[in-house]
Amino acid sequence: MTTTAILSALAEEQQGLLELLQQPQKTSHAGRDFWQGRLHGQPVVLALSRIGKVAAATTSVALVERFKVGRIVFTGVAGGLGDGVCVGDMVVASGFVQHDLDVSPLFPRYEVPLYGQARFDCDKALTAQLLRAGRAGLASLALPAKTLLHHGLMASGDRFVSGADEARSLRSALRHGGHEALAVEMEGAAVAQVCFDYGIPFAAVRTISDRADDTAHVDFSVFVKDVASLYAQAIIRELMKLL
Ligand code: ADE
């Protein structure tokens, strides 16, 4: 049976999953705690990416090399960038781009040197399962009818975007480079690139905690404390049934 890694950025996002973990066994490695066990009968490893692309890459490599996981799923929160991507909505990623990567004029803006691409796509089959799980998870949470599930590109970078002007210019620069991003976060592109390197499937879902605008830090903190873990629990429960 393939072992699934479930990554979250923050302890608050992971808490609900840890509560559901059966036969939990903790291993400390590379300054991180890895929780092996079962969720709804599926072998899993729960881990924190920590914050930012380098930290997320370290955790991802450890998951592959040391824990031999066969796929990685990320659940966490993100700032909404696209029109109509509101706090409380969910975004299932189709792929990732690094919004802070710029090796121009040597390479086109956003392109990852020596890969010949800017965008790292998520695994299609795993993403289809995550979309189904997201829909079922949202339904189970009895949220307001206007809560939406989106599917599209996410942008990762090593900064918390907390200004309406910054969010606007980040979005329009990405668009200029041919990338229409729905949400912004700080880890996904790194995990996607590691999974590409190792040839293992990757999928990601993010709940929108803020609009990456001037109140982003306040909205983010409230959401992460009160809501994020419930979303992660609901989505992962549904995903485990589909694997
Ligand atoms: N994760 C959640 N909200 C974010 C934001 N505004 N910027 C970057 N990462 C985020």
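Thresholds, definitions, all that
- Residues numbered from 1 in each chain as written.
- Predicted model: local features only at pLDDT ≥ 70, side-chain atom pairs only at ≥ 80, totals over all residues.
- Heavy atoms only, no water.
- Helix = DSSP H or I, 4+ residues; strand = E, 2+ residues; numbered from the N terminus.
- Rg over C-alpha atoms; globule rule 2.2 N^0.38 Å.
- Buried < 20%, exposed > 50% of the residue type's maximum accessible area, 1.4 Å probe, protein only.
- Contact = heavy atoms within 4.5 Å.
- Areas by Shrake-Rupley, 256 points an atom, 1.4 Å probe, with all protein chains shown as cover.
- Disulfide = S-S within 2.5 Å.
- Axes fitted to C-alpha atoms, helices over the stretch in contact; angles between N-to-C directions.
- Parallel < 35°, antiparallel > 145°, perpendicular 65-115°, else oblique.
- Left-handed = near helix turned anticlockwise from the far one by under 90°.
- Nonpolar A, V, L, I, M, F, W, Y, C, P; charged D, E, K, R; others polar.
- Core = buried A, V, L, I, M, F, W, Y, C linked by side-chain atoms within 4.5 Å.
- Pairing = 2+ DSSP bridges.
- Polar contact = N/O pair within 3.5 Å; in protein donor to acceptor, adjacent residues only side chain to side chain.
- Salt bridge = Lys/Arg side-chain N within 4 Å of Asp/Glu carboxyl O.
- Near = heavy atom within 4 Å.
- Expected span 1.5 Å × (residues − 1).

Participant: Where do I start with the overall build of the protein chain in this structure?
Facilitator: What the protein chain contains, in helices and strands, is seven helices and 10 strands. Taken against the 2.2 N^0.38 rule, which gives 18 Å for 243 residues, the C-alpha radius of gyration of the protein chain at 17 Å falls within 12% of a compact globule. Its C-alpha atoms give the protein chain principal-axis dimensions of about 50 × 45 × 30 Å. Among the 243 residues that make up the protein chain, the fraction classed as buried is 54%. Sequence-distant contacts, at least 24 apart, represent 78% of the contacts inside the protein chain between residues at least 6 apart. Carbon and sulfur atoms provide 54% of the accessible area of the protein chain, an area that totals close to 10,400 Å².

Participant: How do you make sense of the state of the cysteines when you look at a structure like this?
Facilitator: One pass over the structure, following the stated rule, counts zero disulfides. The thiol sulfur of C195 is not disulfide-bonded, and the nearest other cysteine sulfur, from C122, lies at 9.0 Å.

Participant: Whenever I open this one, the packing of helix α1 (residues 11-20) against helix α7 (residues 228-242) confuses me. Can you help?
Facilitator: Packed helices, taken two at a time, are described by their axes: the angle between them and the distance between them. Close contact between α1 and α7 brings their axes to 7 Å; oriented N to C, the two are set at 45 degrees. Taken as axis vectors, α1 and α7 run oblique relative to one another. The hand of the α1/α7 crossing is right-handed. Note on element contacts: α7 touches α1 through A228, S229, A232, Q233 and I236, opposite E12, E13, Q15, G16, L17, E19 and L20. For the contact of α1 with α7, the residue count by class is five nonpolar, four polar and three charged.

Participant: Which parts of the structure should I look at to understand the nonpolar core?
Facilitator: Note on soluble globular proteins: their nonpolar side chains tend to be buried together. The biggest cluster of nonpolar side chains holds 62 residues, and the ones touching the most others in it are L63, V69, I72, F96 and F202. In terms of residue count, the dominant contributor to this core is α7 (seven residues). Setting aside its immediate chain neighbours within four residues, F202 contacts I72, F74, F96, C122, D123, L126, T127, G188, V191, A192 and C195.

Participant: Explanation requested: the pairing of strand β1 (residues 4-8) in the structure shown.
Facilitator: Along a regular strand, successive side chains alternate from one face of the sheet to the other. In terms of burial, β1 is largely enclosed, as five of its five residues are buried. By the alternation rule, side chains of β1 split into T4, I6 and S8 and A5 and L7, which are all buried. Relative to strand β4 (residues 42-48), β1 runs parallel, the two being bridged by five bridges. Looking at β4, one finds that T4 is bridged to V44. Looking at chain direction, β1 and strand β5 (residues 71-80) are connected through four bridges and run parallel. Within β5, the position partnered with T4 by the bridge is R71.

Participant: Before we go on, may I ask you to explain the side chain of T4 in this structure?
Facilitator: Note on placement: T4 falls in strand β1. Here the side chain of T4 touches R71 through a polar contact of 2.7 Å, side chain to side chain. Not counting the four nearest positions on each side in its chain, T4 is found in contact with P43, V44, V45, R71, V73, M240 and L243.

Participant: Could you clarify how one ought to interpret the pattern of salt bridges in this entry?
Facilitator: Opposite charge on two side chains permits pairing when their charged atoms draw close. By the definition in use, this model includes 14 salt bridges. Residues D121 and R119 are paired through a salt bridge, measuring 2.7 Å at the closest nitrogen-oxygen approach. Residue D121 is classed as partly exposed on the basis of its relative accessible area, which comes to 48%. Look at R119 and you get partly exposed, because its relative accessible area is 33%. With a closest N to O distance of 3.8 Å, E180 and R171 form a salt bridge. Taken together, the salt bridges that share partners define one network made up of D83, R171, R175 and E180.

Participant: In this structure, what is going on with the site of the ligand? I would like to understand it.
Facilitator: Taken together, 13 residues sit near the ligand, with G79, F160, V161, E185 and D210 positioned nearest. Between the ligand and G79 there is a distance of 3.3 Å, counted from a nitrogen atom to a backbone nitrogen or oxygen. Here V161 contributes a backbone N or O atom positioned 2.8 Å from a nitrogen atom of the ligand. Secondary-structure elements contributing two or more residues to the shell around the ligand are β5, β9 (181-185) and β10 (202-210). Counting residues per element, the shell around the ligand draws most heavily on β5, which supplies three residues. Taken together, the residues that form the shell around the ligand break down as eight nonpolar, two polar and three charged.

Participant: Just to check I follow, could you spell out helix α2 (residues 53-65) for this structure?
Facilitator: For the α-helix, the turn length of 3.6 residues means that residues three or four positions removed from each other point alike. Compared with an ideal rise of 1.5 Å per residue, which puts 13 residues at 18 Å, α2 spans 18 Å between its outermost C-alpha atoms and is within 8% of the ideal. The complete set of buried residues in α2 reads K53, A55, A56, T59, S60, A62, L63 and V64.

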